[in-house]
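# Tertiary structure, described
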Amino acid sequence: MLAPGTPHSHMFPGSLKKQTLREATMSDSIYLDEARDPLIIAEAWMKDGKDVAIATVVETWGSAPRPVGSHLVIDADGNFHGSVSGGCVEGAVVTEAVDVIGSGKARMLEFGVADETAWQVGLSCGGRIKVYVERLG
Amino acid sequence: MDPYALKMLNAERRARRAAILVTDVGDGRDRVVREGDNVAGDLGVAIAKAFRSGISGSVEAEGRTFFLNAHLPRPRLVVIGAVHISQALAPMARIAGYPLEIIDPRTAFATSDRFPDVALHADWPQDVLERQPLDAYTALAAVTHDPKIDDFALKAALDANCFYVGALGSRKTHAKRVERLLALGASADQIARIHAPIGLDIGAASPAEIAVAILAQTIHAFRSRGLEAKGAVA
């Protein structure tokens with residue numbers, strides 16, 4: 001199972017399929033896609049009075065599915081937008097983020113992706129990612 | 001993240017201006033640095049590099065670890081002239097990651113048959129650019145050879161500080177163009193920014209080869225932004 005903070009932990013296969021299709025559709029627009037942009041959504045949530053956490057990919061090793069700088073934004077109810085791994089570890093990041101919203105203390109998570117697991121769920125990745133999770137405000 | 005930093009960052013991103021969110025991952029403090037803001041020391045050097053490359057990453061400076069998240073507007077290429085060169089340039093630019101738009105008021109040239117899947121404006125540059133202004137993350141290539149169409153767009157590109165401005169034509173043609181742009185009120189310094197003859201000198205002979213030369217020059221201009229002004233930054 002997934003153990004944030006532990007390198008080489010396995011991915012959570014069940015959550016993979018949710019986001020890959022959407023991520024594959026690249027927009028040609030030069031303007032922000034405000035309906036989908038995680039940081040724009042985080043600002044809107046904040047204006048609505050919600051508690052929000054922001055997760056950011058700060059480091060990758062090997063062929064990680066999302067580049068450094070990618071965001072996932074999460075509210076206290078576990079709603080989220082964006083992605084840090086194209087679906088592999090979002091479930092775990094959301095759980096951690098809800099804790100971070102509660103405590104206000106930022107966390108650095110590290111996820112490893114085992115090759116055989118990656119192959120099983122159709123992701124030729126085998127990389128590792130480091131994700132910084134912080135509360136907004 | 002500081003809510004004020006998020007608001008400021010999003011405002012910059014909406015306005016198509018580059019910004020970097022600098023986070024001290026030790027204590028979680030963050031701030032937004034805008035392009036052109038002065039930051040001293042090793043951190044400043046790393047920030048300048050991130051503005052050029054658009055690549056985010058961690059950096060050690062002053063005994064601390066900072067994460068630099070670089071938010072660069074997506075560069076785009078505006079081409080004045082729905083000509084043969086543009087037909088080749090459109091798919092190439094798209095593949096290279098530079099969304100392209102073509103403006104040409106000559107309706108015989110600007111047809112969707114000749115330019116399938118391209119943002120095409122069969123209208124005068126004055127009208128199109130008023131609706132969609134140029135900016136520092138836009139490149140402009142004027143390739144109609146017709147002063148009535150090219151000149152206004154070139155002047156607008158210089159005024160908007162487009163990261164690349166190129167104009168098709170021989171040196172002789174360009175000398176006449178310089179006179180006209182001076183008459184329109186462009187300064188000599190501004191005019192010196194125009195790449196003419198257009199494109200990297202690769203000995204391009206066909207319209208498609210000229211398109212390669214223009215695209216290569218555009219990419220070079222984008223990736224070396226700011227280097228002319230500040231001298232060689234490591």
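Analysis parameters
- Residue positions are given per chain, counted from 1 along the sequence in the order it is written.
- Written order decides the labels, with chains lettered from A and ligands numbered from 1.
- With the structure being a predicted model, the display of local features is reserved for residues of pLDDT at least 70 and the display and counting of side-chain atom pairs for 80 or more, all residues being used for whole-chain, interface and lining totals.
- Based on all heavy atoms of the structure, the side-chain values leave hydrogens and waters out of the count.
- Whether two strands pair comes down to DSSP finding at least two bridges between them.
- A run of H or I in DSSP counts as a helix once it spans at least four residues, and a run of E counts as a strand once it spans at least two, with each numbered from the N terminus.
- To get an axis, fit a line to the C-alpha atoms, keeping to the stretch in contact for a helix; angles then go from 0 to 180 degrees between the N-to-C directions.
- Only heavy atoms matter for contacts: two residues are in contact if any of them lie within 4.5 Å across the pair.
- A quick way to say it: buried area is the sum, across both parts, of accessible area lost when two parts are put together, with a 1.4 Å probe.
- Salt bridge, as applied in this entry: a Lys or Arg side-chain nitrogen positioned within 4 Å of an Asp or Glu carboxyl oxygen.
- Polar contacts, as counted here, are pairs of nitrogen or oxygen atoms within 3.5 Å of one another; within protein the pair requires one atom able to donate a hydrogen and one able to accept it, and residues that are adjacent in sequence qualify only if both atoms are side-chain atoms.
- We call Asp, Glu, Lys and Arg charged. Ala, Val, Leu, Ile, Met, Phe, Trp, Tyr, Cys and Pro are nonpolar, and the rest, Gly among them, are polar.

All names here are of chain B. Within the open sheet, the five strands sit side by side as 7-6-5-8-9. Their pairing is parallel. Where the open sheet ends on each side, the last strands, each with one partner, are strand 7 (119–121) and strand 9 (164–167). With direction set aside, neighbouring strand axes in the sheet form an average angle of 15 degrees. Here five bridges tie strand 5 (residues 76–80) to strand 8 (residues 138–142), and the two strands are oriented parallel to one another. Note on strand 8: the bridge partner recorded for Val 79 is Ala 141. Set on the sheet, helix 8 (residues 207–223) makes contact with strand 5, strand 8 and strand 9; between it and strand 9 the angle comes to about 155 degrees.

If you look at the interface, chain A gives 27 residues, while chain B gives 27 residues. Around 2200 Å² of area is buried between chain A and chain B when both sides are counted, 59% of it from carbon and sulfur atoms. Our count for the contact surface shared by chain A and chain B stands at three salt bridges. For the interface between chain A and chain B, the tally reads nine residue pairs in polar contact (both at pLDDT 80 or more). Looking at the side of chain A that touches chain B, the elements with two or more residues in it are helix 2 (38–47), strand 1 (52–61) and strand 5 (128–135) of chain A. In terms of residue class, the side of chain A that touches chain B is built from 15 nonpolar, six polar and six charged.

This is a description of form; function is not addressed.
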